Amino acid sequence: MLEKKNFEPKIVAFCCNWCSYAGADGAGTARKHYPANIKIIKVPCSCRVNPLFILRAFQRGADGVIMCGCHPGDCHYSTGNYYARRRMTLLLSMLDYLGVAGERFRVEWVSAAEGARFAQVMNDFAEHIAALGENVKLRDLRCKK
Amino acid sequence: MQKIEKLLQKRAAELLAEGTVERVLAWHAGEFFYDNAPAAVSSADECDKLVYNEFCPANLCKYLIETSHAGKKTAVFLKPCDTYGVNQLLKDNRIKRELVYAIGTPCSGMLDIKKIKAAGAKGIISVSVDGDEVVVNTAYGEKRLAKADVLLNKCLMCKGAAYKIADEELAEPLPVPQFTGDKFAKVKEIEAMSAEERFAFWQSELSKCIRCNACRDICPACSCEQCIFDKPDTPVAGKAYADEVEEQMYHIIRAFHVAGRCTGCGECARVCPQGIHLELLNMKFMKDINSFFGQYQAGADSETPAPQVSFKQNDPEANSAVEGREQHV
Amino acid sequence: MYKIAKDNLPKLYVALQNIGTLLLPCKNKSGHADFAPYREDAEIALDAPLTNRSAKDVFFPQVENLLTFKTSGKELALEQNVPPVGVTIVMGVRACDARSFKILDKVFLKAPVDTYYKTRREQCVLIGLGCSAPEETCFCHAFGIDAGAPETDVQTWLAGEELCWQAVTANGEELTAKLVDGGVLVEAAADAAAAVSEQQEHTQKILSVLPLHDFKVNDELTKDELKVFHSKIWEQLAAGCLSCCTCTYVCPTCHCYDIRDYQETEERTQRYRCWDSCMAKDFTLMAHGSPRKTKVERFRQRYMHKLVYFPENNEGEYACVGCGRCLQKCPVQLNIVKVAKALEKAEVKQDV
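Here the residue index of a chain counts from 1 through its sequence in written order. Here chains are named by letter from A upward and ligands by number from 1 upward, in the order in which they appear as written. At least 70 in pLDDT is required for a residue's local features to be given in this predicted model, at least 80 for side-chain atom pairs to be given and counted, and no such filter applies to totals for whole chains, interfaces and linings, which use all residues.

If you check an unreviewed UniProt entry, chain A appears there as Coenzyme F420-reducing hydrogenase delta subunit from Phascolarctobacterium succinatutens CAG:287.

Right, here's the structure in full:
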């Protein structure tokens, strides 16, 4: 009898250099486990994240995308995450309106001191995406191996 | 309207003869009365060929970009809804105020030839407006239609007769179509559908897209020197609909790029050769901006910062946009 | 001549579907008609005025994979994508569109032959539908096309309660024989031919009262080529153009394409062909830039091609069939009629 392989979602995480990436480091040094199928892309600030990146990630096969940044008010560049928050609110609403991926994208604020929280956020998200299953709607099916 | 047309011709000739402007943007007649095309004239003796009637829906403000580049002072005849576009272009630094001479042109609603044809008028020989009626003379007989029934969809949601920017007004304003309903009604209808229904709706709408880019090219908010869809090395530069996802990508990205800058002029939906309901994407963004960040009308003036380049410290959290929505994949 | 009652048309569709893939005008959700594969639940609109696009997609799809590159390690394998084998039947083709295929043939079937186009074209049977209610945007007569007699393998007309059917070519005869044998088509009554003639006459009568009834393209244009090219009128004509691709994509005779590569995975890349538009800013973009940087140049090029260069190279045949789609679809109401009429003006010939 073949063992049913558990679905391993592909998740892309955009992490800002100053807070959330440092938070990821923190999770590492504190030996807090989070799934290895989460690929982190470091950006200088959450404001750098163009909605196009998120759509592109989904198009090329990501099952879930999460954006992490400094807590509002604590942005290293003062105001970056405020703009990002606005932008992502609109993007989320639009993805939901189109009937795709609204729940496959999430925004979380994680500070450099919150290593444990980083791991927890990632574990939660990975579980959530695994339950949703594979991304089909926003995926460019030509890119399947 | 014929009176206004004469005033338009006279004023255009005056401005050119006086040297106040080097160019005038207005319309030229076509073959059928309903196919007026945007035109530019640069001498007073060409102005008697300019026209203005109930079939001048195009927003002329986009052509100001060209003339700003060329450094030519241009007079442009703007219907009330078109003036929003000029403010937006000013805000986006795409045109120079000193090179624009805006003339507020009265409008009482533009007619939709597609609706006239859908009402059964074909083989059209001529069209005229008689008070509240549209008289269509066809090869199959005469057809009379109520003007209110064949107005362009964008005119049904007229924002009013006030010009948001004008150096002068051509004539007394005309009564505009009164809109008392909820302009977001159709958007709310879609929001109320289930996720699967929404997906199916948008798949069927957006898969009609042939990537002609007319929506982008007529939009006053789409004025990038180098559009992302023109760069050959970007993944979304596909000139062809390789699959449904490409089409959705184009429309989502474009709607996002103009979010907060879209004035609701309705041109994108009017020009789409495949009849895609593009306004339902842009109106969704307008509704979201109003509810998440506060009431905002792009183009109402040329100073207020656009929603995506401003923020409030107590903006709602991004995830709240989908919290409480039903589970879907 | 054969016939089938209008009420029995679904039987015809099913019979045709059994012979090959059937395409016919179907209404989409916006109420526009376009050629689509036959489905029982489709809203078929055989007598829709004009489909959004012609059936050129059948032979010249908007996207077509040509080659697949497969890499594994240092090995590279090339696989050619071959067009599918099988008969395609297109029903409801109007006279204008039927002529447009002949124009496309002049491009794709001239040496070097485009084998992708050729394969699809040869496997296709065209069933034309004579027009009975022309629009004011129709001007096929300007190019010697008879709206009531499409140049297809089979001609059909919706007259009264029947669809009248006449085979024209050998392929048409073959198809007809199958349908007659299957009992789908029956011999038409003696007065059917008269009914068809009456409809054709009526169509011509309507065309004669429509605004474009006397529109013709000036033959002299090819003789005054340089003067037309250098005329200042192009700036005026192109003033409103947005450089979108609408006219080229809805035009039945436009045939420019681009060839691009799309990397699907690390090991697999598709080389595909897709429609391109000479009106677009990045048409034939090369390392040094675009050969026609301004909108006026591109606008002029398109119309010179259709009205001057193409006829020059093809025994006077214009690359236009008078379908009127550009009149209907251009966002700013520019079209070939306006251009051709403007070029008629004496001033054009005098400008140098």
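A. Molecular detail of the overall build of chain A. Looking only at helices and strands, chain A features four helices and four strands. Strands here mean DSSP runs of E at least two residues long; helices mean DSSP runs of H or I at least four residues long; both are numbered from the N terminus. N-terminal to C-terminal, the α/β element order of chain A is β-α-β-α-β-α-β-α. Radius of gyration: C-alpha atoms only; globule rule: 2.2 Å multiplied by the number of residues to the exponent 0.38. Scaling as 2.2 N^0.38, a compact globule of 145 residues should have a C-alpha radius of gyration of about 15 Å, and chain A matches this with 15 Å. Across its three principal axes, chain A shows a C-alpha extent of roughly 50 × 35 × 20 Å.

B. A look at the interface of chain A and chain B. Each partner contributes to the interface: chain A provides 36 residues, whereas chain B provides 34 residues. At the level of elements, helix 2 (51-59), helix 3 (80-97) and strand 4 (105-109) of chain A are the ones that each hand at least two residues to the side of chain A that touches chain B. It is helix 3 of chain A that contributes the most residues to the side of chain A that touches chain B, 14 residues altogether. Gly falls in the polar group here, along with every residue not listed as nonpolar (Ala, Val, Leu, Ile, Met, Phe, Trp, Tyr, Cys, Pro) or charged (Asp, Glu, Lys, Arg). Residues belonging to the side of chain A that touches chain B are distributed by class as follows: 17 nonpolar, eight polar and 11 charged. Placing a C-beta atom from the backbone of each residue, one calls two residues in contact when those atoms lie within 7 Å.

C. The interface of chain C and chain B, seen in detail. Taken together, the contact pairs 42 residues of chain C with 33 residues of chain B. Elements supplying a minimum of two residues to the side of chain C that touches chain B: helix 5 (192-209), helix 8 (246-250), strand 11 (257-265), strand 12 (268-275), helix 10 (325-329) and helix 11 (336-344) of chain C. Considering every element that reaches the side of chain C that touches chain B, the biggest residue donor is helix 8 of chain C, with three residues. Here the residues of the side of chain C that touches chain B are counted per class, giving 24 nonpolar, nine polar and nine charged.

D. Fine view of helix 11 (residues 279-293) of chain B. The terminal C-alpha atoms of helix 11 of chain B lie 20 Å apart, and with 15 residues this matches the ideal 21 Å at 1.5 Å per residue to within 8%. Neighbour counting defines burial: a residue surrounded by 20 or more other C-beta atoms within 10 Å of its own C-beta is buried, one with 12 or fewer is exposed, and intermediate counts give partly exposed, using backbone-placed C-beta atoms. Listing the buried residues of helix 11 of chain B in full gives B:Glu279, B:Leu281, B:Asn282, B:Met283, B:Lys284, B:Phe285, B:Met286, B:Asp288 and B:Ile289. In this analysis, the expected span of each helix is defined as 1.5 Å times one less than the number of residues it contains.

E. Structural context of the domain arrangement of chain C. Residues and elements named next belong to chain C. What marks off one domain from the next here is an automatic or database domain assignment. When cut into domains, chain C gives domain 1 (2-209) and domain 2 (219-350). The centre of domain 1, based on its C-alpha atoms, is set 26 Å off from the matching centre of domain 2. Secondary structure elements with two or more residues in the side of domain 1 that touches domain 2: strand 4 (63-72) and helix 2 (95-108). The element best represented in the side of domain 1 that touches domain 2 is strand 4, accounting for 10 residues. Residue classes in the side of domain 1 that touches domain 2 are distributed as 16 nonpolar, nine polar and eight charged.

F. Structural context of the sheet that holds strand 7 (residues 133-138) of chain B. Residues and elements named next belong to chain B. DSSP bridges decide pairing: two strands pair if at least two such bridges lie between them. One open sheet accounts for three strands, arranged 6-7-8; its pairing is antiparallel. Looking at strand neighbours, the two that pair on one side only are strand 6 (124-130) and strand 8 (141-146), the edges of this open sheet. Averaged over all neighbouring strand pairs, the angle between strand axes comes to 20°, with direction disregarded. As defined by bridge partners, strand 6 adjoins strand 7 across six bridges and the pair is classed as antiparallel. Residue Ser128 lies in a different strand from strand 7, and its bridge partner there is Val135. Angles shown run from 0 to 180 degrees and are taken between the N-to-C directions of axes, each axis being a line fitted to C-alpha atoms and, for helices, limited to the stretch in contact.

G. Representation of the sheet that holds strand 2 (residues 38-43) of chain A within the structure. Residues and elements named next belong to chain A. If you trace the four strands from one edge of the open sheet to the other, you get 2-1-3-4, paired in parallel fashion. Edge positions in the sheet fall to strand 2 and strand 4, since each of these pairs with one other strand and no more. Strand-to-strand, the axes of this sheet are offset by a mean angle of 20°, without reference to chain direction. In terms of strand pairing, strand 3 (residues 64-69) meets strand 4 through five bridges, oriented parallel. Its bridge partner lying in strand 4, Val65 is registered against Phe105. Helix-sheet contacts for helix 2 involve strand 1 (11-16), strand 3 and strand 4, and the interaxial angle to strand 3 is about 150°.

H. Spatial organisation of the pairing of strand 3 of chain A. Residue and element names in this part refer to chain A. Counting buried positions over the six residues of strand 3 gives six, a clear majority of the element. Of the two faces of strand 3, both are covered, the one formed by Gly64, Ile66 and Cys68 as well as the one formed by Val65, Met67 and Gly69. The pairing of strand 1 with strand 3 spans five bridges and is parallel. Paired with Ile11 across the strands is Gly64, a residue of strand 3.

I. Quick peek at the nonpolar core. To form a nonpolar core, buried Ala, Val, Leu, Ile, Met, Phe, Trp, Tyr and Cys residues must be joined through C-beta atoms within 7 Å. The biggest cluster of nonpolar side chains holds 243 residues, and the ones touching the most others in it are B:Ala12, B:Ala26, B:Val76 and C:Val90. If near-sequence neighbours (up to four positions away) are discounted, B:Val76 is found in contact with B:Leu25, B:Leu60, B:Cys61, B:Leu64, B:Val100, B:Ala102 and B:Ile103.

J. Region of the structure containing the pairing of strand 1 of chain A. Residues and elements named next belong to chain A. Here strand 1 lies mainly inside the structure; six of its six residues are buried. Across the two faces of strand 1 the burial is the same, with Ile11, Ala13 and Cys15 and Val12, Phe14 and Cys16 all buried. Where the polypeptide runs from strand 1 across helix 1 (residues 20-29) and back to strand 2, its parallel neighbour, the crossover connection is right-handed. A right-handed crossover is one whose linking path, passing over the helix from the first strand to the second, runs clockwise when the strands point away from the viewer.

K. Highlighting the environment of C:Cys247. Residues and elements named next belong to chain C. Residue position: Cys247 is located in helix 8. Taking the C-alpha atoms as reference, Cys247 lies 9.2 Å from Pro331; in sequence the two are 84 residues apart. Excluding residues within four positions of it along the chain, Cys247 makes contact with Met279, Cys326 and Cys330.

L. Here's a closer look at helix 2 of chain A. Residues and elements named next belong to chain A. Counting buried positions over the nine residues of helix 2 gives seven, a clear majority of the element. All of the buried residues along helix 2 are Pro51, Ile54, Leu55, Arg56, Ala57, Phe58 and Gln59. Immediately beyond the C-terminal end of helix 2, within one or two residues, lies Gly61, with a positive phi of roughly 120°.

M. Inspection of the packing of helix 1 of chain A against helix 4 (residues 115-132) of chain A at higher detail. Residue and element names in this part refer to chain A. Packing of helix 1 against helix 4 brings their axes to within 7 Å, and their N-to-C directions diverge by 95°. Comparing their axes, helix 4 and helix 1 come out roughly perpendicular. Taken together, the residues of helix 4 that come into contact with helix 1 (itself represented by Ser20, Gly23, Ala24, Gly26, Ala27 and Thr29) are Gly115, Ala116, Phe118 and Ala119. Residues of the contact of helix 1 with helix 4, tallied by class, amount to five nonpolar, five polar and no charged. Oblique is the label for any angle not covered by the other classes, which are roughly parallel (under 35 degrees), roughly antiparallel (over 145) and roughly perpendicular (65 to 115).

N. Region of interest: unusual backbone geometry. Cis geometry marks the peptide bond from C:Ala111 to C:Pro112, where omega comes out at -5°. Mapping C:Pro112 onto the fold places it in the loop between helix 2 and helix 3 (115-122). The phi dihedral of A:Ser78 is positive, around 75°, even though this residue is not glycine. You can see A:Ser78 is positioned in the loop between strand 3 and helix 3. Of note, the phi angle at B:Asn213 is positive, near 70°, even though the residue is not glycine. Given 26 C-beta atoms within a 10 Å radius, B:Asn213 is considered buried.

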